[in-house]
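Coordinates in review
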Amino acid sequence: MSGLQGVGLLLLWASACLTLPSLVRGARVISGGHEAHQETGGAARSLKKRGTNEATVEVYSVTVDCTVTSRFAHTVMTSKARNKANTSQEIFFEVELPKTAFISNFSMEIEGQVYVGEVKEKEKAKKQYEKAVSSGQTAGLVKASGRKMEKFSVSVNIAAESNVTFILTYEELLQRKLGQYEILTRVKPKQRIQEFQIVTNIYEPQGISYVDAHATFLSNDLLPLVEKTVTDKKAHISFSPTMEQQRSCPGCDGTNIEGDFIIKYDVNRANQIGDIQIVNGYFVHFFAPPDLPRVQKNVVFVIDRSGSMSTRKMEQTRQALLHILKDLHEEDHFALIQFDSAIDAWKESLSKATPENVAEAMNYVRNIHSRGSTNINDAVLKAVNMLVKDRQEKRIPERSIDMIILLTDGMPNAGESNLPRIQENVRSAIGGNMSLFCLGFGNDVDYSFLDVISKQNKGLARRIYEASDASLQLQGFYDEVSSPLLLDIDLSYPDNAVDLLTTNHFNQLFNGSEIVVAGRLTDNDLNNLMVEVFGLGYEEDFKVKGQTSAMDWDVMYPDEDYIFGDFTERLWAYLTIQQLLEKSKSGTTDEKENATAKALDMSLQYNFVTTLTSMVVTKPETEDGPEGPLIADKLSEAQRQQAERMGYSKAHSYQLPPPSHSPTFLVDGDPHFIIELPDREDALCFNINNKPGTIFNLVRDPKPGILVNGQIIGDKMIPPDGKINTYFWRFGIIHQSLGVRLMVSTEDISVFQDGQLVKLLWSDSASLKGPNVDVLLTKERSLTVTLKDSVKFVILLHKVWAKHPYHRDYLGFYTLDSHLLSSLVHGLLGQFYHGIEYEVSDQRPGEVPEKPDATMFVKGQELNVTRGWQRDFRRDVKNGDDVPCWFIHNNGTGLIDGEASDYIVSGLFKTV
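This is a predicted model, so every value here is computed, not measured.

With 15 residues, helix H5 (residues 312-326) should reach 21 Å at 1.5 Å per residue; the first-to-last C-alpha distance of 22 Å fits that figure. Within H5, burial applies to Lys313, Met314, Gln316, Thr317, Arg318, Ala320, Leu321, Leu322, Ile324 and Leu325. For H5, the secondary structure elements touched by its buried residues are strand S19 (297-304), strand S20 (333-339), helix H6 (355-366), strand S23 (401-408), strand S24 (435-441) and helix H10 (470-481).

What follows is the structure, encoded as structure tokens:
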């Protein structure tokens, strides 16, 4: 089942432990008549069903149960839907979960029959179900979703008047960053749910120091619905609004719950030795001692200034470095190296971070400009040699940490360009004596290369996403590593008491982070464990030794029904698999193969979907017979990067998706421009205001010679509200390669092809088929223009009462199959045909309660945007369907390239 008949329902869940459903497969491209459509009246109809079948599918229950036991989060998400129609319907289920989590169970219950996903070795699953999997790619159940998420998606056909229950379980060890654990949820319900409940229980025997729960969508009315109960060792957070409380406004069908739901917490840290928990023969040791002084650091910043870093990237890098330099501690030492094909240093040795040196360095940073190619090998080696020389000459403190922070956005293409040789050169030069942190900027960089080279040298790699907040990403990473507390930390346990130990040697402990070690006890009845920790501190060695006892969970949590029994074992398994997967990336061939084999065995044993396993989901038979199974894969960071490099919006548009999911770009109404982004489940909109008679270029593709211009017309006279509306009333369309020219107005249509002119009237229905263009005219409704092997345009006629005192007839313009245009396409609409990158955050109340404001990061700018409503008239020319979008003010300034006036042309068939 496909198209609108196949879209019975889409459930969209959001990240971490807390998730919510959505009804919409992807925000449609919508536009509508007058400016008033963005106001309250439109909002009231925002969730009108887009097909008769959609109204027959009801989501009546959504529950999310997240239990965090000693940082180990176990989340069960359950959604129930009912097909109320007398025919079968296809129901979609989507869940966004953290990319660091492992799916451990998925099931569907249909008419009493339970279908359970089965975890298998990835390669065997691919060979067994090659039809479901393309080489090296996911079979469609899991895709990358933004920086932190992965999207799990499955659909199932449900018989008439039947129910379906979806249950997804995933598990994750929460990581402590900057002094807290965070559970982030992106909430997008898109509809009101009869039974809607989010519950999070946090059990921390170490004691909870604080818990904060908030959401960007919480109004004064919703704020009391977030119930938070915190005792010494337990926190309970719940959110369960009624149907009425979910309503966006009185009488509205829409929901006011949309945004981020965030829980932050930390635990007490009274013991220097940390916290150790023993349960059912496994132990876990959390180590983050309080009140340690920071160790002095010597850091060399190695900055890529190659040509690909030009303009925006370089400016963001300069901004981040200026902020970082101001935050240096005065006892630290630092250096700056910039490189392209040549290597230039600010000074030939490190400088102490005095106010005078920092000010001088900031002036140096302001004058870094991009040019040339990329010589990573020599740049990093120069940083290494600088640190080695300064340490030999005792210019830097003996008890301090040496760090190199490399920022690059591309592949090495100058000097040494062989990646394994660069890795070996750097590893040999560093010799285990310093840490290399690699920041990969954008999608052109080889992240796998940076990941390996950093791990070989006591560091880590981090992706810096090419977005407006890139400078904040750089600063955030630096904040995480800017305050080392201990170096060369060893956590020791008696050899005869433990085995299967996870990593217990760590290169450094940074302020606000945490070290976690887990293992199995050789004696299941052992209730006491001797622990010893050693590390290098600021002025002296850190040594602590102690003995821990197993706790009685039944005594600590006497009233809890939750079974805590195996959480330490699953935490140990999760941590072991993660570390084995990291080891499989570096080392000798034998070491890599051994780590991979062990990680695979444990993934299968504990039913985790990792990068080595797949979950095979077999769907029930339908009226058309059995369906092929689908496979859920875990994406590696390299696969995520590859998907982003291709661009999801581009990838999907080139794959000719079903009609109901195909992107559409349109302008209609006053005039309202709408950009659909189905992969984001979102849409953007803006208005263009100018004087009547102005002609705008909408689409221009120089490769095939396609041109679409539109001319606006104003109201007959000034309406009572004093605002003159403008609309498109004529369009000129040219395809030079095909020899086709059309002029479409509110009165008639002229088609010129093969040296012949054909004139059509809106008062008729007609169909023209030629060698290069097909034209289908529906009487006083729509005109569909299909250019041979190219784009399709739909023009809608909006007729008003002939004697209307103010308004005139006008046209709406819709683009279909835009993927068939070249990458050179531009224009007010055309510039968006191949996608646009943006992020929306900080959602907050706007002037109108049901239309919140937010901050959009797009094209290197920060814009204030408003949630509005526009109309799609394709199905109902008179009334249209209301669909939400983010409205960009001031003629789309900041979203469109240049200014709106840049798109004004002198004639209906002119380019200038």
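A separate point is the packing of helix H8 (residues 419-430) against helix H9 (residues 447-455). Helix packing for two helices is described by the angle between their axes and how far apart those axes are. Where H8 contacts H9, the two axes come as close as 10 Å, and the packing angle between them is 20°. With respect to H9, the element H8 is oriented roughly parallel. In this structure, H8 meets H9 at a crossing whose hand is right-handed. Here Leu419, Ile422, Gln423 and Val426 of H8 come into contact with H9, specifically with Phe449, Val452 and Ile453. The residue inventory of the contact of H8 with H9, partitioned by class, reads six nonpolar, one polar and no charged.

Attention now goes to the nonpolar core. Of all hydrophobic cores here, the largest spans 56 residues; its most connected members are Leu684, Leu698 and Phe813. Counting 37 residues, the second-largest nonpolar core is a separate cluster that includes Val295, Leu322, Phe477 and Leu487.

For the rest of this paragraph, the subject is the packing of helix H7 (residues 376-392) against H8. Running from N to C, H7 and H8 point in directions that differ by 5°, and their axes come no closer than 10 Å. Viewed along their axes, H7 and H8 adopt a mutual orientation that is roughly parallel. From H7, Asn377, Val380, Leu381 and Val384 reach across to H8, where they touch Ile422, Asn425, Val426, Ala429 and Ile430. For the contact of H7 with H8, a count of residues per class yields seven nonpolar, two polar and no charged.

Under the counting rule described, the total for this entry stands at 25 aromatic pairs. Both rings, one in Phe93 and one in Phe166, keep their centres 4.6 Å apart while their planes meet at 5°; by these two values the pair is stacked. Residue Phe93 is found in strand S4 (residues 89-98), and its partner Phe166 is found in strand S10 (residues 163-173); the two are separated by 73 residues along the sequence. Residue classification places Phe166 among the buried residues on the basis of a relative accessible area of 0%. Of the aromatic side chains, those joined through ring pairs into one cluster are Phe673, Phe686, Phe728, Phe731, Phe793, Phe813 and Phe832. Here Arg741 stacks its cationic end above the ring of Phe909, 4.5 Å away from the centre of that ring. Note that Arg867 overlies the ring of Trp886, its terminal NZ or CZ placed 4.7 Å from the centroid.

Moving on: unusual backbone geometry. The phi angle at Ser70 is positive, at roughly 50°, despite the residue not being glycine. Relative to the helices and strands, Ser70 resides in the loop between strand S2 (57-69) and strand S3 (72-83).

One open sheet accounts for eight strands, arranged S6-S5-S10-S3-S2-S12-S15-S14; its pairing is mixed. The open sheet has two free edges, formed respectively by strand S6 (113-116) and strand S14 (226-230), since each of these has just one partner strand. Each neighbouring strand pair of the sheet contributes to a mean axis angle of 10°, computed without reference to strand direction. With four bridges connecting them, strand S5 (residues 102-110) and S6 associate as antiparallel partners. Directly across from Glu109, in S6, lies its bridge partner Val114. Docked against the sheet, helix H12 (residues 567-583) engages S2, S3, S5 and S10, running at close to 70° with respect to S10.

A few words now on the sheet that holds strand S13 (residues 208-215). Strand order in the open sheet formed by three strands is S11-S16-S13, and the pairing between neighbours is antiparallel. Both outer strands of the open sheet, strand S11 (181-187) and S13, are each paired with one neighbouring strand and no more. Neighbouring strand axes in the sheet, compared pairwise and without regard to direction, differ in orientation by 10° on average. Here S11 runs beside strand S16 (residues 259-267); their pairing, made up of seven bridges, is antiparallel. Along S16, the bridge assignment pairs Arg186 with Asp260.

Turning to the state of the cysteines, a few remarks are in order. Structurally, a disulfide amounts to a covalent bond that connects the sulfur atoms of two cysteines. Tallied over the entire structure, the rule returns one disulfide. The residue that forms a disulfide with Cys685 is Cys885, at a sulfur-sulfur distance of 2.2 Å. Disulfide Cys685-Cys885: the torsion about the S-S bond is 75°, which places it as right-handed. In this pair, Cys685 sits in strand S36 (residues 682-687) while Cys885 sits in strand S51 (residues 881-888), placing the two residues 200 residues apart along the sequence.

Calculation notes
Counting restarts for each chain, with residues numbered from 1 along the sequence as it is written. With pLDDT at 70 or above as the cut-off, local features in this predicted model cover only qualifying residues; side-chain atom pairs require 80 or more to be listed or tallied, and sums for whole chains, interfaces and linings still use all residues. Values reported for side chains reflect all heavy atoms of the structure, with hydrogen atoms and water molecules removed beforehand. Helix and strand definitions here come from DSSP, where helices need a minimum of 4 consecutive H or I residues and strands a minimum of 2 consecutive E residues; each element is numbered from the N-terminal end. By this rule the span expected of a helix is its residue count minus one, scaled by 1.5 Å. Type-normalised accessible area, obtained with a 1.4 Å probe on protein chains alone, sets the label of each residue: buried when under 20%, exposed when over 50%, and partly exposed for intermediate values. The contact rule is simple, with two residues in contact once any of their heavy atoms fall within 4.5 Å. Only the stretch in contact is used when a helix axis is fitted, and all axes are lines through C-alpha atoms; the angle between N-to-C directions ranges over 0 to 180 degrees. Angle categories are assigned with fixed cut-offs, so that under 35 degrees is roughly parallel, over 145 is roughly antiparallel, 65 to 115 is roughly perpendicular, and the rest are oblique. Here a crossing is taken to be left-handed if its near helix is turned anticlockwise relative to the far helix by less than a right angle, and right-handed if that turn runs clockwise. Residue polarity follows a fixed list, in which Ala, Val, Leu, Ile, Met, Phe, Trp, Tyr, Cys and Pro are nonpolar, Asp, Glu, Lys and Arg are charged, and the others, Gly among them, are polar. We call a set of buried Ala, Val, Leu, Ile, Met, Phe, Trp, Tyr and Cys residues a nonpolar core when their side-chain atoms join them within 4.5 Å. Working definition: a ring pair exists when centres of Phe, Tyr or Trp rings (six-membered ring for Trp) sit within 6.5 Å. Plane angles under 30 degrees give stacked, over 60 give edge-to-face, the rest tilted. Put simply, a charge is over a ring when the Lys NZ or the Arg CZ is close to the ring centre, within 6 Å, and near the line of the ring normal, within 35 degrees. A strand pair is defined by DSSP finding two or more bridges across the two strands. Disulfide assignment relies on a single distance test, namely cysteine sulfur atoms paired within 2.5 Å.

Worth remembering: the numbers are spatial, not functional.
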